[in-house]
Amino acid sequence: QKAGEEIDHLQFQNGRVTKQLSSVTQQLEEQKQRQTHQSGWSVGGLISGKQQQEAVQKAGEEIRVLQNELVMKIQENEELHMQVFEARKQHEEESQRLQEAGSVAERDLAARSAELEAERQKCARLLQETESQAAEIHRLTEAVAASTALADSLRSSLEAERREARAHEKSL
C-alpha cells in the first residue's frame, strides 16, 4: 500500500516535470524563432540578442535540470514498480505455501479424526466385551458357589449314610 502511494506520488511528480519540460521547451523554441526574425545589426538589437542568448542558455539549463529530474523520477518509479512486483510475488508464494500447508493439515486432521473414531469404537467394543465377561464371571461364580454348596450337602449326606451303614453293620 505504501509502495502504491509512492508510485502515485512519483507519477504525479513525473507529470509535473513533464509539463515543466514542455513549457520550457516551448519557450526556448519561441526565443529561437524571435532571434532568427530580429536583426542583430543595431546596438539595441545586439543587446536584445545577447539577452535572448542568455534567456536561451537559462532555458537550456532549466531543460537539462528538468530532464535530469525526469530521468531520476523515472528510475525511482521503475525501482518502485520492481519492489511492488517482488512484494506481490513473495505474497503470492507465501499465500500458496500457506494454502498447501493448510491442505496438508486438513488431510492430517481428517486422518487422525478417523483413527480416533476407530479407537473410540474399539474401546466401546472392548468395554462391552468386558461387561459381558464380568457378567459371565459373576454367573460362573454363583454356579461354583451353588456347586460347592451342593457338594458340601452331598458330602454331609454321604457321611451321614456311612455312619448309618456302619452303625447298621455293627448291629448285624
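Going by the structure above, here's the rest.
About the cut-offs
- All chains use their own residue numbering, which begins from 1 and follows the written sequence.
- For this predicted model, a pLDDT threshold of at least 70 governs which residues receive local features, and a threshold of 80 or more governs which side-chain atom pairs are given and counted, while totals over whole chains, interfaces and linings are taken from all residues.
- Based on all heavy atoms of the structure, the side-chain values leave hydrogens and waters out of the count.
- Helix and strand assignments come from DSSP, with helices taken as H or I runs of at least 4 residues and strands as E runs of at least 2, each series counted from the N terminus.
- C-alpha atoms define the radius of gyration, and 2.2 Å times the number of residues to the power 0.38 defines the globule rule.
- Under the scheme applied here, a residue whose accessible area is under 20% of the maximum for its type counts as buried, over 50% as exposed, and between as partly exposed, the area being computed with a 1.4 Å probe on protein chains only.
- Whether two residues touch is decided by their heavy atoms; if any such pair falls within 4.5 Å, the residues are in contact.
- All accessibility values rest on the Shrake-Rupley procedure with a 1.4 Å probe; residue burial counts only the protein chains present in the view.
- Residues scored as positive are Lys and Arg, those scored as negative are Asp and Glu, and His as well as the terminal groups of each chain are ignored.
- Every charge is mapped onto a representative atom, which is NZ of Lys, CZ of Arg, CG of Asp or CD of Glu.
- Only residues whose relative accessible area exceeds 30% and that form no salt bridge enter a patch; like-charged residues are grouped when within 9 Å of one another, and nonpolar side chains (Val, Leu, Ile, Met, Phe, Trp, Tyr) when within 5 Å.
- Here a salt bridge means any side-chain nitrogen of Lys or Arg lying within 4 Å of a carboxyl oxygen belonging to Asp or Glu.
- As used here, the term nonpolar core means buried Ala, Val, Leu, Ile, Met, Phe, Trp, Tyr and Cys residues forming a set that is joined through side-chain atoms within 4.5 Å.

**Student:** What should I look at first to understand the overall build of the protein chain in this one?
**Tutor:** Tallying secondary structure elements over the protein chain gives two helices and zero strands in all. Against the compact-globule benchmark of 16 Å for 172 residues, the protein chain has a radius of gyration of 56 Å, which places it well outside the compact range. Counting only C-alpha atoms, the protein chain reaches 190 × 15 × 15 Å along its principal axes. Taking all 172 residues of the protein chain together, 12% fall into the buried category. Taking contacts inside the protein chain between residues at least 6 apart in sequence as the whole, the part at least 24 apart equals 79%. Of the roughly 14400 Å² of accessible surface on the protein chain, a fraction of 55% belongs to carbon and sulfur atoms. Here the protein chain contributes 23 positively and 31 negatively charged side chains, and the mean placements of these two sets differ by 2 Å.

**Student:** When you look at a negative patch on the surface in this model, what are you seeing that I'm missing?
**Tutor:** Where like charges cluster on the molecular surface, the negative patch consists of E5, E6, D8, E76, E78 and E79. Listing elements by their share of the negative patch, those giving two or more residues are α1 (2-37) and α2 (43-171). Turning to its location among the elements, E6 is positioned in helix α1.

**Student:** Teacher, can you tell me more about the environment of Q26 here?
**Tutor:** With respect to the helices and strands, the residue Q26 is situated in helix α1. Residues Q26 and E131, 105 residues apart in the sequence, show an inter-C-alpha distance of 103 Å.

**Student:** What should I look at first to understand the nonpolar core in this one?
**Tutor:** General note: in soluble globular proteins, nonpolar side chains tend to be found buried as a group. Counting nine residues, the largest nonpolar core is built from V17, L21, V24, L28, V56, A59, I63, L66 and L70. Put simply, the parts of the chain that give this core at least two residues each are α1 and α2. A per-element tally of this core places α2 first, with five residues. Excluding residues within four positions of it along the chain, V24 makes contact with A59, E62, I63 and L66.

**Student:** Quick question: what am I supposed to make of the pattern of salt bridges here?
**Tutor:** A full pass over the atoms with the stated rule returns seven salt bridges. In this structure, the salt-bridge partner of E94 is R97, at a minimum N-O distance of 2.6 Å. In this pair, E94 and R97 both sit in helix α2, three residues apart, roughly one turn of the helix. The salt bridge involving D152 is made with R155; its shortest N-O contact spans 3.0 Å. Of this pair, D152 and R155 are both found in helix α2, three residues apart, which corresponds to roughly one turn of the helix.

**Student:** It is not clear to me how the environment of E29 should be interpreted in this structure. Could you clarify?
**Tutor:** With respect to the secondary-structure elements, E29 resides in helix α1. Its relative accessible area of 39% is what places E29 among the partly exposed residues.

**Student:** Sorry if this is basic, but what is going on with the environment of A146 here?
**Tutor:** When you line up the elements, A146 lands in helix α2. In this structure A146 comes out as partly exposed when scored by relative accessible area, which is 48%. Residues A146 and E115 lie 31 residues apart in sequence; the distance between their C-alpha atoms is 46 Å.

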